[in-house]
Amino acid sequence: MATAKNKRKTNTEDYLRMYRQMVRIRSFEDNANQLYLSAKMPGLTHMYSGEEAVAVGICEALTDDDKITSTHRGHGHCVAKGAEFKQMFCELLGKAEGYCRGKGGSMHIADQSHGNLGANAIVGGSMGIATGAALSAKLQGRTDVTVCFFGDGATAQGLWYEVMNMAALWKLPVIYACENNGYSEYTKTDEIAAGSLTARAEAFGIEAFEVDGQDVLAVNELAQTLVARARKGEGPFFIELKTYRYHGHHVGDINRDYYRSKEEETIWKEQRDPIINFGAWLTREGIASEEELQELRDAVKADAEAAVSYALAADYPDISEVDMHVFAPNDAA
Amino acid sequence: MREITLSKAVNEAIAEEMRRDPSIFLMGEDVAEAGTPFKVLSGLVEEFGTERIIDTPISEPGFMGLAVGAAMTGSRPIVDLMFGDFLFLVMDQLCNQAAKTHYMSGGKLSVPLVLRTNMGATRRSAAQHSQSLHALVAHIPGLKVAMPSSAYEAKGLMKTAIRDNSPVVIFEDKLMYNDKAPVPEEEYLIPFGEAAVLREGSDITLVGTSSMVQVALAAAETLAAEGISAEVIDPRTIVPLDEETILTSVRKTSRAMVIDEGHQSYGVSAEIASRITEKAFYYLDAPVVRMGAMDVPVPFSPALEDITVPTAEGVAAMARHLVRGEARDVA
Ligand SMILES: Cc1ncc(C[n+]2csc(CCOP(=O)(O)OP(=O)(O)O)c2C)c(N)n1
Ligand SMILES: [Mg+2]
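Residues numbered from 1 in each chain as written. Chains lettered and ligands numbered in written order. Predicted model: local features only at pLDDT ≥ 70, side-chain atom pairs only at ≥ 80, totals over all residues. Heavy atoms only, no water.

Let's talk about the overall build of chain A
At step 1: For chain A, the count of helices and strands is 11 helices and seven strands.
At step 2: Over its C-alpha atoms chain A spans a radius of gyration of 19 Å, differing by no more than 12% from the 20 Å that the globule rule assigns to 333 residues.
At step 3: Over its C-alpha atoms, taken along the principal directions, chain A stretches across nearly 65 × 50 × 50 Å.
At step 4: For chain A, the proportion of its 333 residues judged to be buried stands at 57%.
At step 5: Within chain A, contacts between residues separated by at least 24 positions form 73% of all contacts whose residues are at least 6 apart in sequence.
At step 6: Carbon and sulfur atoms make up 52% of the accessible area of chain A, which amounts to about 13900 Å² in all.
At step 7: Positive and negative side-chain charges of chain A, numbering 34 and 49 respectively, have mean locations separated by a distance of 3 Å. (Helix = DSSP H or I, 4+ residues; strand = E, 2+ residues; numbered from the N terminus. Rg over C-alpha atoms; globule rule 2.2 N^0.38 Å. Buried < 20%, exposed > 50% of the residue type's maximum accessible area, 1.4 Å probe, protein only. Contact = heavy atoms within 4.5 Å. Areas by Shrake-Rupley, 256 points an atom, 1.4 Å probe, with all protein chains shown as cover. Lys, Arg positive; Asp, Glu negative; His and termini not counted. Charge placed at Lys NZ, Arg CZ, Asp CG, Glu CD.)

Shown next as structure tokens:
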């Protein structure tokens, strides 16, 4: 896992790890989409493809002790924060070896071991949780930072304004990261968001930043700075990351001409792709050759495919698990 | 008679009422061009425009509050809440404000609004998109609660809800949107507080709500083949509840089960079962049994989710025990 702490590695390693993590997210999503299209996955899921630089740029600035809260579009955050393909695919298929023993599925994946407090199917539902995690860190004298990921649509939830107020009053180590992909479901965000998002955070005295969410280096540089400052008690912060989702709102949203044009999608995919552009930069800078990057992509692809086969063959939880985990056990007296 | 889907029935009801009464407007997330994720409202914005079919930001407590205020001042709003699970976000405006305003104002103010939302598990949507929360609102005095069990009910109840001068919450089962049923072309309304006896029988009364009506009917069919005659009743609205039709049936059959997709504990099935026990006790030959969803958050895994909701087989098995008087502990 990337760390600001053990930064003894060379930049080259950091760059290649960022590239690899973005490729892993894309590859995970391509497989998840395929599972849906071939009717092997129960329910629906929301693809993170196109937004990889956001999750990776930010999570690469975090340690395992730092926390994140995620969204319905959460696979990218989960991978970026260190999760393994096998347990993730198992969870998507409702299998016992999934991160949540099949109880959560795509929209509720949590990975406790890497500080991922969970995806969330309630838009804006994690804003309180993230702020509470930051409060807890402060009260307990820890230095971990929490990043709250949410979409542009979620900024319409009143909860955000309540928790920003408290976070600002109490100088909590939380970073609100808004993934502005331009749409909330089938509606352009311009039509449902008044004024400017950064100004909303600034109204609470919260420092706000805008960054190109397709540029992993720009995102990472800003995140490194803000995470370090939040650790010193200079938070909270707000970042608006301009990005784009390649697929529909969910995997079943295939005919979407009525709200978004094919041309617009093509421009983002061809000119603004975070993986293609970062790959080109890596080769230009002589950090890796195109052959090396191709090898890396092939290896990730093989990994993902192996994890899918594993998950497809894995067992469902035993039905006796259905009423397990309703309450947390108390320590034996 | 023509057959249409439940989705179309809701759409027709809203369109007809909006044509009749210009004070009606509808608002919610992705209701206009997208016509909701379930496409229930497709076409309405083309006819009524964005002034009356209003796309909102993702601000459920906010637009619920707007609807309460609009309803108090001459409009008749229909609020579209995309998933029943989001009721938890709007509870203050719905239960502290809408439900109580008429009473608290000594009858001076009223809140004629409809909140249409949904319920029902087994769509593999996990714990925050699968709940059946009608018992929560039915508990609050001042709210009426309708639970259509087919396209026919969906249309008739929606029209009545829109004309009602009190706040009404209407729960559609999201698995039934594409189910077809005969629906007359000509206008009709289904009055609140009138249960439907969907199948007559003499051995046991099965009271079912929403999609559990289909489960009860399927169980009755199985039982009939075994010589057990089940009567199936759909209350259609749980507030107000047509107690009399249910009690009349139980006095005849002497046995009853109540099947509802809310969690079994502290739920609608408990309320109806308790009324039967209180008011028809001396007619009963067996305990009145509740069948609801298991008391667990709805799990994602298909292997687990499917065992959390009542099934026709489960209902038939329990009914068999009750009718044949075989000793069996009720879980
Ligand atoms: C409280 C709540 N309201 C509505 C929804 C339905 N819904 C799911 S995702 C979504 C759009 C979210 O948009 P945004 O926050 O921009 O995230 P994106 O999908 O673009 O990543 C909506 C309305 C929900 N899940 N929760
Ligand atoms: Mg968005």
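Structure shown, so let's carry the discussion forward.
Focus: the UniProt feature "domain: Dehydrogenase E1 component" (unreviewed entry) in chain A
At step 1: Within this numbering scheme, the UniProt entry marks residues 20-318 of chain A as carrying the feature "domain: Dehydrogenase E1 component" (unreviewed entry).
At step 2: In this annotation, residues 20-318 of chain A is assigned 44% helix and 11% strand; the end-to-end C-alpha distance for the span is 36 Å. (UniProt positions renumbered as here; feature names shortened; annotations may be inferred.)

As for the nonpolar core
At step 1: Counting 87 residues, the largest nonpolar core has Ile14(B), Ile53(B), Leu87(B), Leu94(B), Val137(B) and Ile276(B) as the members making the most contacts within it.
At step 2: Beyond its immediate sequence surroundings of up to four residues, Ile53(B) is in contact with Met18(B), Leu26(B), Val31(B), Ala32(B), Leu44(B), Val45(B) and Phe48(B).
At step 3: Of all hydrophobic cores here, the second largest spans 64 residues; its members include Ala53(A), Cys100(A), Ala304(A) and Ala314(A). (Core = buried A, V, L, I, M, F, W, Y, C linked by side-chain atoms within 4.5 Å.)

Topic: the sheet that holds strand β3 (residues 174-180) of chain A
Residue and element names in this part refer to chain A.
At step 1: Spatially, β1-β2-β3-β7-β6 is the arrangement adopted by the five strands of the open sheet, whose pairing is parallel. Of all the strands in the sheet, the pair left with one neighbour each is β1 (67-69) and β6 (207-212). Taken pair by pair, the neighbouring strands of this sheet meet at an average axis angle of 20 degrees, ignoring direction.
At step 2: Of the pairings in the sheet, the one linking β6 to strand β7 (residues 237-242) comprises six bridges and is parallel in character. Within the sheet, the bridge partner assigned to Glu 207 lies in β7 and is Phe 237. (Pairing = 2+ DSSP bridges. Axes fitted to C-alpha atoms, helices over the stretch in contact; angles between N-to-C directions.)

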